[in-house]
Amino acid sequence: MANAVVDDDQKWLLNCLSATLDPNQEVRSFAEASLNQASLQPGFGGALSKVAANRELPFGLPAVLLKQFVKKHWQEGEESFEHPAVSSDEKAVIRELLLSSLDDSHRKICTAISMAIASIAVYDWPENWPDLLPFLLKLINNPNDLNGVHGALRCLALLSGDLDDAMVPTLVPVLFPCLHAIVSSPQIYDKYLRTKALSIVYGCISLLGAMSAVYQAETSALMAPLLKPWMEQFHFILEHPVQPEDPDDWGIRMEVLKCLNQFVQSFPSLTESEFMIIMGPLWQTVVSSLKVYVQSSIEGTEDPYEGRYDSDGGEKSLDSFVIQLFESLLTIVGSTKLVKAVAHIVRELAYYTIAFLQMTEQQVHIWSMDANQFVADEDDVTYSCRVSGALLLEEVAICCGKQGINAIIDAAKKRFSESQQEKASGSAVWWRMKEATLFALASLSEQLLEAEVSGLTRVGLGNLIEQMLTEDVGSGVHEYPFLYARIFSSVAKFSSVISQGIREHFLQAAVDIIGMNVAPPVKASACRALSQLLPEVNKDIIQSKMEGLLSTLTDLLYQASDETLHLVLETLQAAIKAGHEASVSIEPIMSPIILNMWALHVSDPFISIDAIEVLEAIKNAPGCIHPLASRIFPFIGPILINPQWQSDGLVAGSLDLLNMLLKNAPSDVVRAAYDVCFDAVVRIVLQSDDHSELQNATECLASFISGGRQEILAWGVDSGFTMRSLLDAASRLLNPDLESSGSLFVGSYILQLILHLPSQMAQHIQDLVFALVRRMQSAQITGLKSSLLLIFARLIHLSAPNIERFINLLISIPAEGYENAFSYVMSEWTKLQREIQGSYQIKVTTSALALLLSTKHAEIAKVNVQGHLIKSDSGITTRSKAKLAPDQWTLVPLPAKILALLADELIEIQEQVQAAEDEDSDWEEIEEDTESDRSLLYSSAAVALGRSTKEHIEALAKAYCENQEDDFEVEALNVVDPLNEINLANYLVDFFVKFSHGDRQLFENLCQSLTQAQRNAIQMVLNC
């Protein structure tokens, strides 16, 4: 269409398109409205295609608009479809015109046309567009038309993202040889086209890798003959040293690394046989990349091309290439098949990786200007070479065991020595390598400390760290701020292996630093060190300086912002906890400041929570709760009484603050809070539609009940006022029409009513159960359903020994879609039991299920509930397949399901025993011991393996107790419940013994539906 005639319709269309780019808003709006109106007329898509295909018009907008047109008008039934639909004849015209335009010499126009083709292919290919693939293959096989090759590759790259498991096996054998011909012909095709060909290879391998989970033999057979020629090409591309200032070279190498990464992940066995072909060039890439990276990014003497992209939007930076290099190496190290191939160079790998971790000139500049960015980058796993390199070293430590740990330590020692030599020679940047070395070790602190404790390595980690920390302690903090910042961060990471004297030295230094005029990154890292060291420090040492430290930190709040404010508040909290006595004297100064800080940032959930945690630390300090409460109540009282006049977030934040004060508070403080706030909190529950306000107000009411207990009923204006208010609040929160988020914490609230006001609640149980069922049926949040199930479980316990009466109550209540409420509740309960979190919640619900099963109520046997998922044999589950064939589940009798859930809980406790034993075993013996441990836990032949069943049961009980002690889910509100004293391991053992003896035939029948692991777990506890 090089000499196509422009008719009147096309002229009008061109004028409209040009007008959409006019600087005048009115002209643009009129043109856009005209185009939108024209798009509703038959033939608009064809006309737009003709304009897009006219090569005398270097104008890419028509193809972009055509993509939008296709999305709206091509396929009826799609969510984005708008009438009228494109006719079949017009579709054929559009497809033909677009294909004829794929060889446009303007790459941006070609990309826009490719995107339009890809948008049509989603609907039409291959069934209604069978000639698309042959046409594209013909284009890429014509080396005399490089524009056509580019267009076809761009189009195929877009299409490769929409392939499915039916297309790929047919496409790959035909397409890969064509792509290989392009990649292997640098004399014909430039790096850009070869890179684009490799990106298509990557897309296909990724999908084949996903398919291999289902079709392992078929995908391996497909890839086996193709792997070697591609590995040879990777060899040729990587064998030459990386060149500076050549982003096209970085780009093609990056695609090679992505393909290699995918080969290793998806086909490790196949890759293993060919891997040595690539190993030499890959290592050459590592070595030569470091030189280029140091010159370009670390020293900043050359342009790193950061932020530059090709015409297709692909990044062309050196950083992105190095990150991909690290990702590929990480995958290789993490592969059990290939890690041995790099074992002989693991020391060199660690050595070179540490050098990549040096701060770049750009990072020095950004972090010097913006302390917030420094703190954010330190706290978050950002996309950078430093983070990627640290992750690679972590993988080396994990996958290479002792050899990897020793390699990293040796590399760190060598790099540290080199930095000292650079310092001695007068280098101005000697600190960079030392900072990178400390950063590497600190990033691996968890693995290194674990290796030290277990005896895996005996390198004297503490001595090494102390040497690195103290060697340059006399160097000026102003000259090398980032080195000092890293030293403080490292002290925090390795405090457990550093001597007391060194810890105290750096603690004192950190206290001094935060009061000095030094670079913000140094103060930030000093705060980080204080947060770690203060909880461990000898109180006598720090007590004399605590008042000055608290004062300095409080002053620092005024200088901080965003990320640094979070860090200062965290440090302030640690300081208050460490110096209780000093807090009393500074409370009158500090509390108003923190309250003001909280009010200023109440709409920021992170800062406001940090501020409340500081206030909570003050509250918990001896002698501080009453003066603090006297400041807070007058402040939040008017806010809660007049919530409609407050700024966004202030009411919810005030409720959060009130709840903090109420938790574990003495009764006089709870009474004072009641007098000021109780009525207002109830009104918020009854009137507010704000989810945060409802949630926080519900928590406050639960805390009022927990703190006031029976006494709270006497605090109202009359004897029944408080109880009526509490019941009104419960009624609103259990309203099935209230959005689920607003009712999220109603379970905890109802639980407090049941526990602390049992006689008052007894007369309302029937109404309560009815409301619970209705609220649960309308609930859209799993967490809300789980909390309501906890109430049902607690009511079962309360109804003992007459549990049958409670079951009958549920049977008498209707439930939409179910025979009765009992059938509904048990259906939901058995589905969600494994999702319930928290040791208290698990104890109550699990033991309640055991009680239900023990009743042998006739209704229990009549109920069928969800069993296990029926596995699909239809290959990869795409979105379209999921719509056509949703998950299907078996149905099982309720007694069998309950027994299975109880057995699963027993297995989980047994696994805790296994985990505890694994921790005590040597790293190198883990693989041998795991199998014997598993046999011990899941086989009835435990005695033959050296441990009696009785000992095993005792181990279960002990493991459960230890796990409960560490379980942060056990909230203070639930501690008073006697059920919290249940040792679930002992409870389950006792239940299984009694249940099996009570009705042997029923027990054996139910066991037939269990898995082998479940039967083994039960048999283990019955063999005593």
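Residues numbered from 1 in each chain as written. Predicted model: local features only at pLDDT ≥ 70, side-chain atom pairs only at ≥ 80, totals over all residues. Heavy atoms only, no water.

Trainee: Summarise the overall build of the protein chain; cite the residues concerned and give the values.
Mentor: A tally of regular secondary structure across the protein chain gives 49 helices and two strands. Put simply, of all contacts in the protein chain between residues at least 6 apart along the chain, 74% involve residues at least 24 apart. (Helix = DSSP H or I, 4+ residues; strand = E, 2+ residues; numbered from the N terminus. Contact = heavy atoms within 4.5 Å.)

Trainee: Can you break down helix α23 (residues 481–493) residue by residue, with the values?
Mentor: The end-to-end C-alpha distance of α23, which contains 13 residues, comes to 19 Å, matching closely the 18 Å that a straight helix rising 1.5 Å per residue would cover. Of all 13 residues that make up α23, twelve are buried, and the element is covered over most of its length. Regarding α23, the residues found buried are Pro481, Phe482, Leu483, Tyr484, Ala485, Arg486, Ile487, Phe488, Ser489, Ser490, Val491 and Ala492. (Expected span 1.5 Å × (residues − 1). Buried < 20%, exposed > 50% of the residue type's maximum accessible area, 1.4 Å probe, protein only.)

Trainee: Outline the packing of aromatic side chains, supporting the account with residue identities and numerical values.
Mentor: Going through the model one piece at a time under the given rule, you end up with 22 aromatic pairs. Considering the side-chain rings of Tyr351 and Tyr352, the 5.7 Å spacing of their centres and the 90° angle between planes classify their relative orientation as edge-to-face. Given the relative accessible area of 17%, Tyr351 is considered buried. For the ring pair Tyr674 and Phe704, a centre distance of 6.3 Å and an interplane angle of 90° mean the geometry is edge-to-face. (Phe/Tyr/Trp six-rings, centres within 6.5 Å; stacked < 30°, edge-to-face > 60°.)

Trainee: Tell me about the pattern of salt bridges, and name the residues and values.
Mentor: One pass over the structure, following the stated rule, counts 24 salt bridges. Across the pair Glu361 and Arg432 runs a salt bridge, and its minimum N-O distance is 2.7 Å. Placement of the pair is Glu361 in helix α16 (residues 361–369) and Arg432 in helix α20 (residues 430–443), with a sequence separation of 71 residues. For Glu361, a relative accessible area of 36% gives the class partly exposed. Overall, the relative accessible area of 7% leaves Arg432 in the buried class. Its salt-bridge partner being Arg415, residue Glu418 comes within 2.9 Å of it at the nearest N-O pair. Highlighted residues: Glu418 and Arg415, both in helix α19 (residues 401–424), separated by three residues, approximately one helical turn. Each member of the pair, Glu418 together with Arg415, is buried. Because the salt bridges share partners, they merge into one network encompassing Lys191, Asp246, Asp249 and Arg253. (Salt bridge = Lys/Arg side-chain N within 4 Å of Asp/Glu carboxyl O.)

Trainee: Summarise the nonpolar core; cite the residues concerned and give the values.
Mentor: Grouped together as the largest cluster of nonpolar side chains are 341 residues, with contacts concentrated most on Leu534, Leu658, Phe704 and Tyr749. Not counting residues within four places of it along the chain, the set of residues in contact with Leu658 comprises Phe633, Ile636, Leu640, Ala673, Cys677, Val681, Cys700 and Phe704. (Core = buried A, V, L, I, M, F, W, Y, C linked by side-chain atoms within 4.5 Å.)

Trainee: Account for unusual backbone geometry, with residues named and values stated.
Mentor: Cis geometry marks the peptide bond from Ala800 to Pro801; its omega dihedral reads 10°. If you trace the backbone, Pro801 turns up in the loop between α38 (782–799) and α39 (803–812).

Trainee: Let's hear about the packing of helix α8 (residues 146–159) against helix α10 (residues 191–211): which residues, and what values?
Mentor: Interaxial distance between α8 and α10 falls to 9 Å at its minimum, and their mutual angle equals 25°. The orientation of α8 relative to α10 falls into the category roughly parallel. Crossing of α8 over α10 shows left-handed handedness. Together, Leu146, Val149, His150, Leu153, Arg154, Leu156 and Ala157 of α8 and Tyr192, Leu193, Lys196, Ala197, Ser199 and Ile200 of α10 make up the contact between the two elements. Residues that form the contact of α8 with α10 fall into these classes: nine nonpolar, two polar and two charged. (Axes fitted to C-alpha atoms, helices over the stretch in contact; angles between N-to-C directions. Parallel < 35°, antiparallel > 145°, perpendicular 65-115°, else oblique. Left-handed = near helix turned anticlockwise from the far one by under 90°. Nonpolar A, V, L, I, M, F, W, Y, C, P; charged D, E, K, R; others polar.)

Trainee: Which residues make up the side chain of Asp610, and what values go with them?
Mentor: Position of Asp610 relative to the elements: it lies in helix α29 (residues 605–620). With no salt bridge to any partner, buried Asp610 finds its closest opposite charge in Lys577, at an N-O distance of 11 Å. Sequence-distant contacts of Asp610, that is, excluding residues within four places in its chain, are made with His566 and Leu569. (Lys, Arg positive; Asp, Glu negative; His and termini not counted.)

Trainee: I'd like a rundown of the packing of α19 against helix α22 (residues 461–470), residues and numbers included.
Mentor: α22 packs onto α19 with a crossing angle of 20° between their chain directions and a minimal axis gap of 12 Å. Overall, the two elements α19 and α22 adopt an arrangement that is roughly parallel. Read as a crossing pair, α19 and α22 show a hand that is left-handed. Contact residues: Ile409, Ala412, Lys413 and Phe416 in α19; Leu461, Leu464, Gln467 and Met468 in α22. When its residues are assigned to classes, the contact of α19 with α22 shows six nonpolar, one polar and one charged.

Trainee: Give me the lowdown on the environment of Val568, citing residues and values where you can.
Mentor: Within the fold, Val568 resides in helix α27 (residues 563–578). Distance from Val568 to Leu557, taken between C-alpha atoms, is 6.6 Å for residues eleven residues apart in sequence. Dropping the residues within four chain positions of it, Val568 is found in contact with Cys527, Leu553, Leu556, Leu557 and Ala560.

Trainee: Now, about helix α6 (residues 107–124): what can you tell me, with residues and values included?
Mentor: If you check α6, its first and last C-alpha atoms are 25 Å apart, about what 18 residues at 1.5 Å a residue would give, namely 26 Å. Of all 18 residues in α6, 13 are buried; the element is thus mostly enclosed.

Trainee: Got a sec to walk through the environment of Val172? Specific residues and values, please.
Mentor: Mapped onto the fold, Val172 is located in helix α9 (residues 168–183). Judged by its relative accessible area of 0%, Val172 is buried. Taking the C-alpha atoms as reference, Val172 lies 9.4 Å from Leu226; in sequence the two are 54 residues apart.

Trainee: Report on the state of the cysteines, specifying residues and quantitative values.
Mentor: Across all of its chains, the model carries zero disulfides by this definition. Looking at Cys155, it has no disulfide partner, and the nearest cysteine sulfur is the one in Cys110, 8.6 Å off. For Cys155, a relative accessible area of 0% translates into the label buried. (Disulfide = S-S within 2.5 Å.)

Trainee: How would you explain the environment of Ala112 if you had to name every residue and give the values?
Mentor: Tracing the sequence through the fold places Ala112 in helix α6. Ala112 sits 47 residues away from Leu65 along the chain, and the two C-alpha atoms are 9.3 Å apart.

Trainee: Which residues make up the confidence of the model for the protein chain, and what values go with them?
Mentor: For the protein chain, per-residue confidence averages 86 on the pLDDT scale, and residues scoring 70 or more make up 88% of the total. Ranking the elements of the protein chain by mean pLDDT puts helix α45 (residues 926–938) last with 36 and helix α15 (residues 346–356) first with 97. The model gives residues 919–948 a pLDDT under 50, and that stretch makes 42 contacts with residues more than four places away or in other chains. Counting interchain partners and residues more than four positions distant, the pLDDT-below-50 stretch residues 965–970 has nine contacts. (pLDDT = per-residue confidence, 0-100.)

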